Amino acid sequence: MTKAVQAKVSSAVDLPASDALEAPRFSCALAGAYSTAVGLYGAVPILHSGAGCGIGQLFGQFYGGGQNAGGPVGGTSTPCSSLIEEHVIFGGEKKLRNLIESSVELVNGQFYAVISGCIPSLIGDDTESVVKEFRDKVPIISIKAAGFSGNSYQGYELFFESLIDQFLTPQTKVKGQVNIFGIVPYQHLFWKGDLDVIRELLESIGLKPNIIFTRFDSVEALKSIPAAEYNIVLSPWVGHETAEKLKEKFKTPFIAFPGVPIGPKQSSEFLRVVGKKLRVPAKTVEKVIEEREKRAYRFTEYLGDILTLVRPHAYFSVVADSSTAISITKFLANELGYLPEIVQIADDPHEDKRDLIRRELLETLETPVKPEIVFEVDSYRIRQNLKNRNSLFLFASSLESPISLAEFGAIPLTVAFPSFDRLILEHSYAGYKGGLFLAEDFMSKFAGPL
């Protein structure tokens, strides 16, 4: 990095170091593995943990993920061993065995995922041995996801690590089949809508996307993961461990993008890169791009007066996970001409991925104004970093939205976890139309009357 770029990457608030965090924008590893299992239709999560672990994720992970319920096997419906002091002393394996027996008998499922939390890890329960006793009866895996072993994003990786080791077997490769990784159910607010848009984009150039989530045949989709010709990762760091493991075990190469594509420029680049890797004729890809861009830019003309007359070239700030932050910042700067002031990355990405995130935010923006980039997970520090700025818009979470106008002078839109002020079902900012939907959502807050 140049010195000028390094100067842009800083910690904006000079506060004493502390191990205590205020309201981080993710939960624990158990939550990530749990929400991944709940996101699979037909899968039944079984928690081997204290009772509070499950109900805690209902209020945290699920409701925070766009006010979504856990569905028929999530939240209060999830079987749980509800470990107490007695099990800490004498072990919880017997209770887990009984719980799996009753769950398989009473809860209809095509696939069972036993997720063990902090207590079994601390007392040394041999969860894997107990789960093995049921492998000849039902499809079942065991996931060690002690809360202290990582955050929600790492729990997603732990789920797929166990799936690969315990469930997947080699399959004949299917030409044009691709898997999608890097989008964590519930943690990524727009996971359902985004995956559907990505599926449609890939199908438009003749590929066979194996989306895994949001389908009614999720378990069949899981089984066919090794059949993919390529894996596609839509994050600068989440899903990479899974893709590496699939490459090692099933020789499946992968393509990584910094985030879910938003708007015409990112979507066209996504299609060109994927099309080239999968040997889709360039003529086919360019025909789709031409049609989609023509429509997207035609509709962009309708917001032209708001864009140029009301708040042209306004500064904006972002607080989000790295994938969302990169995609939204690039769309606002490169497609709408807005000016990024500060981007705070709040998902605690691995240290070795942070240079990539910095480059995406500093070197791919088509604007002379480069944002200050801060890696921060503490909500107090994030709020302090937003003060005394010139931003007219703030794209962040519901932790900032209610106070944004009063404290930061910025019009807010919740686009990142947690979202306690937006119900998000199939809404999506992905793809060619996604940029228009994003413009609708934040411009509606100040557009009228012209």
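Quick notes on the rules
- Residues numbered from 1 in each chain as written.
- Predicted model: local features only at pLDDT ≥ 70, side-chain atom pairs only at ≥ 80, totals over all residues.
- Heavy atoms only, no water.
- 1 Å grid on protein atoms, 1.4 Å probe; cavity = no way out; pocket = protein on both sides within 12 Å on 5 of 7 lines; lining within 4 Å.
- Points joined across faces, edges and corners; volume = space filled by probe spheres on them.
- Helix = DSSP H or I, 4+ residues; strand = E, 2+ residues; numbered from the N terminus.
- Nonpolar A, V, L, I, M, F, W, Y, C, P; charged D, E, K, R; others polar.
- Domains from an automatic or database assignment.
- Pairing = 2+ DSSP bridges.
- Axes fitted to C-alpha atoms, helices over the stretch in contact; angles between N-to-C directions.
- Contact = heavy atoms within 4.5 Å.
- Expected span 1.5 Å × (residues − 1).
- Buried < 20%, exposed > 50% of the residue type's maximum accessible area, 1.4 Å probe, protein only.
- Arc of directions from axis to C-beta.
- Polar contact = N/O pair within 3.5 Å; in protein donor to acceptor, adjacent residues only side chain to side chain.
- Core = buried A, V, L, I, M, F, W, Y, C linked by side-chain atoms within 4.5 Å.

Per an unreviewed UniProt entry, the protein goes by the name Nitrogenase and belongs to Methanoregula boonei.

1. Considering the layout of surface pockets
Each pocket or cavity is described by its volume, and for the largest pocket that value is around 600 Å³. Around the largest pocket, the lining comprises 27 residues; the ones closest to its centre are Val-38, Gly-39, Tyr-41, Trp-191 and Thr-214. Among the elements of the structure, β1 (43–48) and α9 (191–204) are those that each provide at least two residues to the lining of the largest pocket. In this model, the second largest pocket occupies a volume close to 310 Å³. In this structure, the second largest pocket is lined by 19 residues; those nearest its centre are Val-197, Glu-200, Arg-292, Tyr-432 and Lys-433. Element by element, the count of residues in the lining of the second largest pocket is highest for helix α19 (residues 431–443), at six residues. For the lining of the second largest pocket, the per-class residue count stands at seven nonpolar, four polar and eight charged. Each of domain 2 (177–287) and domain 3 (299–444) contributes no fewer than three residues to the lining of the second largest pocket.

2. As for the sheet that holds strand β8 (residues 315–320)
Taken together, the five strands give an open sheet; going across it, the order is β10-β9-β8-β11-β12, and neighbouring strands pair in parallel fashion. Bordering the open sheet on either side are β10 (372–375) and β12 (411–414), each of which pairs with just one other strand. Going from strand to strand, the sheet's axes swing by 15 degrees on average, the running direction of each strand aside. Where β8 lies against strand β11 (residues 393–396), three bridges are found, and the strand directions are parallel. In the sheet register, Ser-317 faces β11, and the bridge partner there is Leu-394. Against the sheet, helix α15 (residues 322–334) makes contact with β8, β9 (339–345) and β11, and its axis sits at roughly 165 degrees relative to β8, the strand it touches most.

3. Considerations on helix α5 (residues 93–106)
If you check α5, its first and last C-alpha atoms are 20 Å apart, about what 14 residues at 1.5 Å a residue would give, namely 20 Å. Restricting attention to buried positions, one finds in α5 the residues Leu-96, Leu-99, Ile-100 and Ser-103. Along α5, the residues classed as buried sweep out an arc of 100 degrees about the axis, all on the same side. Residues of α5 that are exposed and angled more than 90 degrees away from the buried face: Lys-94, Glu-105 and Leu-106. The inward-facing, buried residues of α5 abut β1, β2 (111–116), α7 (127–132) and β3 (140–144).

4. Here we look at the sheet that holds β1
In space, the three strands of this open sheet follow the order β1-β2-β3, with parallel pairing throughout. Because the sheet does not close on itself, it has two edges, and the strands there are β1 and β3. Between one strand axis and the next, the sheet turns through 20 degrees on average, direction left out of account. Looking at chain direction, β1 and β2 are connected through six bridges and run parallel. If you follow Leu-47 over to β2, its bridge partner there is Ile-115. Along the sheet face, α5 touches β1, β2 and β3 and points at about 160 degrees away from the line of β1.

5. Remarks on unusual backbone geometry
Look at the link from Phe-417 to Pro-418: it is a cis peptide, with omega at -5 degrees. Residue Ser-82 is not a glycine yet carries a positive backbone phi of 45 degrees. In this structure, Thr-214 is a non-glycine residue whose phi angle is positive, near 70 degrees. Checked against the element boundaries, Thr-214 lands in the loop between β5 (208–210) and α10 (218–223).

6. Thoughts on helix α8 (residues 152–166)
A turn of α-helix holds 3.6 residues, and therefore any two residues three or four places apart point the same way. In this model, α8 (15 residues) spans 21 Å end to end at C-alpha, consistent with the 21 Å of a helix rising 1.5 Å per residue. Among all positions of α8, only Ser-152, Tyr-153, Gly-155, Tyr-156, Glu-157, Phe-159, Phe-160, Ser-162, Leu-163 and Ile-164 are buried.

7. Points about the pairing of β11
Along any regular strand, the residues point their side chains to alternate faces of the sheet. Going residue by residue along β11, you find Phe-393 and Phe-395 tucked away on one face and Leu-394 and Ala-396 tucked away on the opposite face as well. Where β11 and β12 come together, four bridges link them in parallel fashion. Each residue of the ladder has a partner; that of Leu-394, found in β12, is Pro-412.

8. Thoughts on the environment of Ser-398
With respect to the element layout, Ser-398 can be found in the loop between β11 and α18 (404–408). Accessibility expressed as a relative area gives 10% for Ser-398, which makes it buried. Distance from Ser-398 to Leu-413, taken between C-alpha atoms, is 8.3 Å for residues 15 residues apart in sequence. Every residue in contact with Ser-398, bar those within four places of it in the chain, is listed here: Thr-414, Pro-418, Ser-419, Phe-420 and Asp-421. Within polar-contact distance, the side chain of Ser-398 engages the backbone nitrogen of Phe-420 at 2.9 Å.

9. Some details on the nonpolar core
Counting residues in each nonpolar core, the largest one holds 71 residues, and the members touching the most others are Phe-111, Phe-159, Ile-232 and Phe-270. Excluding anything up to four places from it in sequence, Phe-270 contacts Ile-198, Leu-201, Leu-202, Ile-232, Leu-234, Phe-257 and Pro-261. Ranked by size, the runner-up nonpolar core spans 39 residues in total, among them Ala-320, Ile-357, Phe-442 and Ala-447.

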